Amino acid sequence: MASPRLGLRLAVCLLNISEARKQDIVERIAKAALCDKPGQKKTQTTVLNIFSDYDYNRSVLTLAGPIETLVNFLFSGNSIVTACSEVYDLIDMGHHDGIHPCLGSVDLVPIYPLSESVSLEECGKVARDIAENLSHDVPGCSMFYFGYADQPLKRNLVQRRKELNWYKWTSLNVNEIKPDVGAAVSSKYGLTGIGASPYVMNCNVTIDTQDLNIGQQIASAIRGANAGGLQGIQAMAFPHEGTVEIACNVESFQDKSLSSLTEESKKYISYYIQGEEYLYFSPRSIERQIKKLAASHGVTTVGTALVGFTPERCKSLAEQAILEGCGEFWKKRKAITM
């Protein structure tokens with residue numbers, strides 16, 4: 001159903017950009033998301049959070065608003081298009097330096113439904129419209145589709161990234177990449193992933209060691225694709241501020257075999273899209289499993305960070321911010337960096 005307090009049908013974009021070390025630039029991009037092309041402020045768009053990581057040189061901006069607003073503003077500059085245009089103007093991939101894999105100055109534009117009444121198909125259409133408008137507004141940019149924007153195949157983000165060698169980005173030859181929309185891949189803009197799916201949360205757990213091999217073993221052990229892994233979890237390990245960070249993408253999934261009465265089900269949190277139940281592994285359960293695996297290597301965990309929010313918290317804060325007319329909500333939360 002629609003957000004009960006406001007009657008709004010909300011969606012969110014967790015905009016991933018390849019800059020974290022120049023906070024003035026990151027904030028300029030966030031503010032651009034709150035205005036259309038003529039500079040008119042939007043009243044129902046909010047930037048809930050900015051999460052920046054210096055070592056990764058990567059920031060994630062949480063942009064939320066009604067799905068109808070995203071559609072209606074497409075041809076006069078919707079918040080995502082204006083924010084991405086600002087990124088393309090300010091960030092040059094030719095000078096980027098960071099340890100996190102990335103292919104574009106705007107690296108990822110995922111659209112997720114927040115309100116139960118917003119469909120994945122709607123989000124996919126919005127994603128495709130954003131890509132088409134960016135290709136028109138920023139000549140030279142290039143994009144690939146994933147999820148519900150990738151029609152008719154609906155290949156997920158991991159599959160697309162593997163196809164594009166995103167995980168081996170340091171040795172990638174961009175001349176070999178054929179984008180789905182836009183121009184040939186340029187050294188300035190790089191390649192942007194645009195798509196739609198059920199909500200994907202990011203949960204990073206830090207272990208107190210400098211041994212990257214231990215981190216890689218733990219990441220492999222919890223990866224959902226591997227035997228004994230955690231369903232819906234994608235994981236990588238990175239050296240991070242003198243320690244090792246296990247960076248987890250926490251995907252939402254459907255599994256009707258999981259009974260709410262079982263002990264296993266307590267590890268998951270559920271929400272609904274169009275009447276269909278979706279589950280995701282709880283951050284607390286992820287942290288517990290990594291702590292257990294780290295202990296087997298004689299290592300402790302030293303911290304856990306969510307990049308943004310859980311789907312439920314994101315929806316609640318979006319309603320609050322829009323009700324208050326607070327576009328720069330991230331300032332209210334004082335959560336620019338981790």
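Here is a short report on the structure shown in this document.

Spanning 14 residues, helix H7 (residues 283-296) covers 20 Å between terminal C-alpha atoms, matching the ideal 20 Å at 1.5 Å per step. Among all positions in H7, only Pro283, Ser285, Ile286, Ile290 and Ala294 are buried. Positioned one or two residues after H7, Gly298 has a phi angle of 75 degrees, which is positive.

Here seven strands make up an open sheet; going across it, the order is E2-E3-E1-E4-E7-E5-E6 and the pairing mixed. Two strands lie at the open edges of the sheet, namely strand E2 (46-53) and strand E6 (181-182), each paired on one side alone. Bridge count for strand E5 (residues 142-147) against E6 is two bridges, and the pairing is antiparallel. For Ser142, the partnering residue across the bridge sits in E6 and is Gly182.

We now examine the packing of helix H3 (residues 79-90) against helix H4 (residues 120-137). One can describe the packing of H3 onto H4 by two numbers: an axis separation of 10 Å at closest approach and a directional angle of 40 degrees. Of the possible angle classes, the one that applies to H3 and H4 is oblique. Here H3 and H4 pass one another in a crossing that is right-handed. For the pair formed by H3 and H4, the contact residues are Ile80, Val81, Cys84, Ser85 and Tyr88 on the first element and Ile130, Asn133, Leu134 and Asp137 on the second.

As a further point, take the pairing of strand E1 (residues 10-17). The element E1 is largely enclosed, with a buried count of eight among its eight residues. Residues Leu10, Val12, Leu14 and Asn16 of E1 are buried on one face, and the alternating residues Ala11, Cys13, Leu15 and Ile17, pointing to the opposite face, are buried as well. Judged from the eight bridges that link them, E1 and strand E3 (residues 58-66) form a sheet pairing that is antiparallel. When the bridges of E3 are listed, Val12 appears paired with Ala64. Relative to strand E4 (residues 106-113), E1 runs antiparallel, the two being bridged by five bridges. Each residue of the ladder has a partner; that of Asn16, found in E4, is Leu108.

So, about the nonpolar core. Of all hydrophobic cores here, the largest spans 51 residues; its most connected members are Tyr199 and Ile246. Once residues lying within four places of it in the same chain are set aside, the contact partners of Ile246 are Cys203, Asn204, Val205, Ile207, Gly215, Ile218, Ala219, Ile222, Ala235, Met236, Ala237 and Ile290. In this structure, Ala83, Cys84, Val126 and Val138 belong to the second largest nonpolar core, which totals 42 residues.

Another aspect to go through is the sheet that holds strand E8 (residues 200-207). The strand order across the open sheet built from four strands is E9-E10-E8-E13, with neighbouring strands paired in antiparallel fashion. Each end of this open sheet is capped by a strand with a single partner; those strands are strand E9 (233-240) and strand E13 (301-307). Taking the axes of each pair of neighbouring strands and ignoring which way they run, one obtains an average angle of 20 degrees across the sheet. The pairing of E8 with strand E10 (residues 243-251) spans eight bridges and is classified as antiparallel. Bridged to Asn204 within E10 is Ala247. Relative to the sheet, helix H6 (residues 212-222) contacts E8, E9 and E10, its axis offset from that of E9 by approximately 170 degrees. Contacts from H7 reach E8, E9, E10 and E13, with the element oriented near 30 degrees to E8.

Rules used throughout
Residues numbered from 1 in each chain as written. Predicted model: local features only at pLDDT ≥ 70, side-chain atom pairs only at ≥ 80, totals over all residues. Heavy atoms only, no water. Helix = DSSP H or I, 4+ residues; strand = E, 2+ residues; numbered from the N terminus. Expected span 1.5 Å × (residues − 1). Buried < 20%, exposed > 50% of the residue type's maximum accessible area, 1.4 Å probe, protein only. Pairing = 2+ DSSP bridges. Axes fitted to C-alpha atoms, helices over the stretch in contact; angles between N-to-C directions. Parallel < 35°, antiparallel > 145°, perpendicular 65-115°, else oblique. Left-handed = near helix turned anticlockwise from the far one by under 90°. Contact = heavy atoms within 4.5 Å. Core = buried A, V, L, I, M, F, W, Y, C linked by side-chain atoms within 4.5 Å.

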